[in-house]
Amino acid sequence: GRLGQLGKYKKKNPGMIISLCGCMMQEPLVVEKLKKSYHFVNLIFGTHNIYRFAEYLVRCMTEDRMVIDIWKDTDKIVENLPVDRKYPFKSGVNIMFGCNNFCSYCIVPYVRGRERSRKPEEIVAEIKRLVADGVVEIMLLGQNVNSYGKNLEEPMTFAQLLREVNKIEGLKRIRFMTSHPKDLSEELIDAMRDCEKVCLQSGSSRILKLMNRRYTKEQYLDLVDRIRAKVPDVSLTTDIIVGFPGETEEDFLETMDVVRKVRYDSAFTFQYSRRTGTPAAAMEDQISVDVVKDRFDRLLAEVQEISREVTARHTHTVQEVLVESINEQDPSLVTGRMSNNTLVHFKGDASLIGTLQNVYLDECRGFYYMG
């Protein structure tokens, strides 16, 4: 839809260059459709070769044709690419690329390739540069950070990496995502407990098997118990898909049971959507839109009610808050986040942005605090 709008805009601005990159470009059918129906696009490339972007732009300026360069796979990791950060005080840091899990509903392993881990010394060096530039919080990023390091020449676990990053002077907070339960080891739980800078966030067994998640409901709940035994104040979040092919009402109630037992701080809830090229897209028993919507609404209501109750547990305590911005509704307030990612609004000005402040949490208003 956006491309159609841009096509009209380009007619009035013929010198404009339109480029498309990312996961969808790794799907041959998408590229064929673009070549056939969107001839005004100048450049198409995929997920593996962003470091050649400048070269492609030069080709667009000098060649009178659509430039297409899609790599099926790569084992390359190109370091020290230029970046433009949204915030001066926090930043994401990729520690790995690709995925080996092949969950049956997910297109990522097909379009991003197999797991490739960055060398730990490169990760640590990048974080040190960021800290020297004023960053106090980093988010370690990967499709499954728990399996970091398995393909390195000198293997290193994610727990070991966390301990190395935790040693960096000047860094105040470490977050990470995404974390697959099947690879969450006892060693990692210990690292989460021991590393004071780590911000601790982290259905039906029949459906989990169909999803190829490789753990059961019982194993998952046992994992939650083991984490909470060692890190009592942990904040647990999750992603939940409703309406996966073949899901019965009984399967859905198993999901609701997990939500009630775990009591997540928050949960990202999704209605299942078909991804062409995945095993789930070809499965029979696709669930009707009405049934999916009904289950989604019931799940969302349960998640939000529990989240409100869980969030309120810090009322009338003092918590450390990283100030991120002036409040959008009230310029006399600033907005920040606790280590568990909960939003806090309190009196302040722009001089506090990027600093850590001890804030008294006066009132919980569902999903945020007034402090």
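Please read all numbers here as calculations on a predicted model, not as lab measurements.

(A) Expanded view of the overall build of the protein chain. Within the protein chain, the regular secondary structure consists of 11 helices and 16 strands. Whereas a compact globule of 371 residues would reach a radius of gyration of roughly 21 Å, the protein chain reaches 23 Å, a difference of no more than 12%. Its C-alpha atoms give the protein chain principal-axis dimensions of about 65 × 55 × 50 Å. Per-residue burial for the protein chain yields a buried fraction of 45% across its 371 residues. Carbon and sulfur atoms make up 52% of the accessible area of the protein chain, which totals about 19,700 Å². Side-chain charges of the protein chain comprise 53 positive and 53 negative groups, with the mean position of each set lying 5 Å from the other.

(B) How the structure looks around the packing of helix H9 (residues 217–230) against helix H10 (residues 249–262). Here H9 crosses H10 at 5°, and the two axes come no closer than 11 Å. One element, H9, and the other, H10, form an angle in the roughly parallel class. In this structure, H9 uses Lys217, Tyr220, Leu221, Val224 and Arg228 to contact H10, whose residues at the interface are Glu254, Asp257, Val258, Lys261 and Val262. Residues that form the contact of H9 with H10 fall into these classes: 5 nonpolar, no polar and 5 charged.

(C) Spatial organisation of the nonpolar core. Judged by nonpolar contacts, the single largest core of 54 residues is most densely connected at Ile95, Ile127, Ile138, Leu140, Tyr148, Phe158 and Leu162. With residues up to four places along the chain from it excluded, the contact list for isoleucine 138 reads Ser91, Val93, Ile127, Leu130, Val165, Leu171, Arg173, Ile174 and Arg175.

(D) Representation of the environment of leucine 43 within the structure. Tracing the sequence through the fold places leucine 43 in strand E2 (residues 43–45). Sequence separation between leucine 43 and arginine 65 is 22 residues, and the spatial gap between their C-alpha atoms is 9.0 Å. With sequence-adjacent residues up to four places away left out, leucine 43 is seen in contact with Ile18, Ser19, Leu20, Phe53, Tyr56, Cys60 and Val67.

(E) Structural detail: the layout of surface pockets. When its volume is computed, the second largest pocket comes out at roughly 1,400 Å³. Considering the residues around the second largest pocket, the lining is formed by 44 residues, among which Ile50, Leu81, Val83, Asn94 and Phe97 are closest to the centre. Ranked by residue count, the leading element in the lining of the second largest pocket is strand E4 (residues 90–94), at 5 residues. Class assignment for the residues of the lining of the second largest pocket results in 19 nonpolar, 13 polar and 12 charged.

(F) Spatial organisation of the pattern of salt bridges. Within this structure, the stated rule accounts for 37 salt bridges. Here glutamate 324 and lysine 90 are joined by a salt bridge, their closest N and O atoms 2.7 Å apart. For the residue pair glutamate 324 and lysine 90, the accessibility class agrees, reading buried in each case. With a shortest N-O distance of 3.1 Å, arginine 226 and aspartate 222 are connected by a salt bridge. Highlighted residues: arginine 226 and aspartate 222, both in helix H9, separated by 4 residues, approximately one helical turn. A relative accessible area of 29% means that arginine 226 is categorised as partly exposed. Looking at aspartate 222, the relative accessible area reads 39%, which means it is partly exposed.

(G) How the structure looks around the sheet that holds strand E8 (residues 173–177). Ordered by their spatial adjacency, 3 strands build an open sheet running E4-E7-E8, and the pairing between neighbours is parallel. Looking at which strands have only one partner, the edges of the open sheet turn out to be E4 and E8. The average undirected angle you get between the axes of adjacent strands in this sheet is 25°. The pairing of E4 with strand E7 (residues 137–141) spans 5 bridges and is classified as parallel. Note on E7: the bridge partner recorded for valine 93 is leucine 140.

Rules used in this analysis
Residues numbered from 1 in each chain as written. Predicted model: local features only at pLDDT ≥ 70, side-chain atom pairs only at ≥ 80, totals over all residues. Heavy atoms only, no water. Helix = DSSP H or I, 4+ residues; strand = E, 2+ residues; numbered from the N terminus. Rg over C-alpha atoms; globule rule 2.2 N^0.38 Å. Buried < 20%, exposed > 50% of the residue type's maximum accessible area, 1.4 Å probe, protein only. Areas by Shrake-Rupley, 256 points an atom, 1.4 Å probe, with all protein chains shown as cover. Lys, Arg positive; Asp, Glu negative; His and termini not counted. Charge placed at Lys NZ, Arg CZ, Asp CG, Glu CD. Axes fitted to C-alpha atoms, helices over the stretch in contact; angles between N-to-C directions. Parallel < 35°, antiparallel > 145°, perpendicular 65-115°, else oblique. Contact = heavy atoms within 4.5 Å. Nonpolar A, V, L, I, M, F, W, Y, C, P; charged D, E, K, R; others polar. Core = buried A, V, L, I, M, F, W, Y, C linked by side-chain atoms within 4.5 Å. 1 Å grid on protein atoms, 1.4 Å probe; cavity = no way out; pocket = protein on both sides within 12 Å on 5 of 7 lines; lining within 4 Å. Points joined across faces, edges and corners; volume = space filled by probe spheres on them. Salt bridge = Lys/Arg side-chain N within 4 Å of Asp/Glu carboxyl O. Pairing = 2+ DSSP bridges.

Nothing here speaks to function; it is all geometry.
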